[in-house]
Amino acid sequence: MVVQDPLLCDLPIQVTLEEVNSQIALEDGQAMTVQECKMDGGVLPVVVGQNATVLHLKKDIQRYEQLRQEPEGGIQHISWSSVWRTYHLISAGEKLTEDRKKLRDYGIRNRDEVSFIKKTEAKMNFQIRTTLLVDKLFPSKWKP
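Note that the coordinates shown come from a computational prediction; the quantities given were computed from them, not determined experimentally.

**A short note on the overall build of the protein chain**
Move 1: Across its full length, the protein chain holds four helices and five strands.
Move 2: Written out in order from the N terminus, the α and β elements of the protein chain read α-β-β-α-α-β-β-β-α.
Move 3: By residue count, 31% of the 144 residues in the protein chain fall in the buried class.
Move 4: Of the contacts made within the protein chain by residues no fewer than 6 positions apart, 50% connect residues no fewer than 24 positions apart.
Move 5: Looking at the protein chain as shown, the accessible area adds up to about 10,000 Å², and 53% of this sits on carbon and sulfur atoms.

**Observations concerning the pairing of strand β1 (residues 31-37)**
Move 1: With seven of its seven residues buried, β1 lies for the most part within the structure.
Move 2: Burial along β1 is two-sided: the face carrying A31, T33, Q35 and C37 and the face carrying M32, V34 and E36 are both buried.
Move 3: Where β1 and strand β2 (residues 43-49) come together, seven bridges link them in antiparallel fashion. Directly across from M32, in β2, lies its bridge partner V48.
Move 4: Hairpin connection of β1 to β2: five residues between the antiparallel strands, including G41 at a positive phi of 95°.
Move 5: Pairing of β1 with strand β5 (residues 113-118) involves three bridges; the strand directions are parallel. Its bridge partner being in β5, E36 is matched across the sheet by V114.

**Remarks on helix α2 (residues 54-69)**
Move 1: Look at α2: 23 Å from first C-alpha to last across 16 residues, which is about the 22 Å you get at 1.5 Å a residue.
Move 2: Every buried residue of α2 is accounted for by V54, L57, K58, D60, I61, R63, Y64, E65, L67 and Q69.
Move 3: Next to the buried residues of α2 lie α1 (17-27), β1, β2, α3 (80-86), β3 (87-91) and β5.

**A word on α1**
Move 1: Inspection of α1 places E19, V20, S22, Q23 and A25 among the buried residues, and these make up the whole buried set.
Move 2: On its buried face, α1 is in contact with β1, β2 and α2.
Move 3: Looking one or two residues beyond α1, the residue adopting positive phi is G29, at roughly 80°.

**As for the side chain of E65**
Move 1: Considering the arrangement of structural elements, one finds E65 in helix α2.
Move 2: At 2.8 Å, the side chain of E65 and the side chain of K38 are in polar contact.

**A closer look at the nonpolar core**
One broad trend across soluble globular proteins is that nonpolar side chains are buried collectively.
Move 1: If you look at the biggest cluster of nonpolar residues, it comprises 23 residues, and the most contacted ones within it are V34, V48, L57, L89, L96 and L103.
Move 2: Elements supplying a minimum of two residues to this core: β1, β2, α2, α3 and β5.
Move 3: The contacts of L103, once residues within four sequence positions are left out, are M32, V34, V48, A52, T53, V54, L57 and I108.

**Here's the deal with the environment of A52**
Move 1: Here A52 lies in the loop between β2 and α2.
Move 2: Leaving out residues up to four positions away in the same chain, A52 has contacts with K102 and L103.

Cut-offs and rules
- The numbering scheme is per chain: residues are counted from 1 as the chain's sequence reads.
- Only residues with pLDDT of at least 70 are given local features in this predicted model, and only at 80 or more are side-chain atom pairs given and counted; all residues enter the totals for whole chains, interfaces and linings.
- With hydrogens and water excluded, all non-hydrogen atoms of the structure serve as input to the side-chain values.
- In this description a helix means any DSSP run of H or I spanning at least four residues, a strand means any run of E spanning at least two, and both kinds are numbered starting from the N terminus.
- Buried means the residue's accessible area, taken with a 1.4 Å probe over protein chains only, is under 20% of the maximum for its type, while exposed means over 50%, and partly exposed covers the values in between.
- A contact between two residues is defined here by any heavy atoms of the two lying within 4.5 Å.
- Where accessible areas are quoted, they stem from the Shrake-Rupley method and a 1.4 Å probe; at the residue level, only the protein chains shown are allowed to cover.
- Strands were regarded as paired on the criterion that DSSP finds at least two bridges between them.
- Helix span, expected: 1.5 Å multiplied by one less than the number of residues in the helix.
- Under this definition, polar contacts are N or O atom pairs within 3.5 Å; protein pairs additionally need one hydrogen-donor-capable and one acceptor-capable atom, and for neighbouring residues in sequence, both atoms have to be side-chain atoms.
- Throughout, nonpolar core names a set of buried Ala, Val, Leu, Ile, Met, Phe, Trp, Tyr and Cys residues whose side chains join them through atoms within 4.5 Å.

Structural data, given as structure tokens:
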């Protein structure tokens, strides 16, 4: 039945109710797809509601990772609390640090990409950007 439906034909044969509901919400314009750029170079499309927050996105990433692993022969345990302690989600160079903030408030729209960055790398990138800004604002001849 799902295979014959033009809206649902892209879903895997062993589809879950969650995946069907996500696809319907996407087709109705009640959801959007955020592309999770994985560290191995792969991309995982994650469907979230139009009013989703960063916390919703994090939970949906966890759910999609679990759904992706099930057909591959089992679930590898991932300590998500450890992941969120170690990494920030970023989109267009901006860290998504506030869990209650809506994705659209970060400027995230349908088909935009998010990726992970280690928190120490994020601090280092911030320090580099700050140094570049200071150098630009205060050329070397003005430095003491």
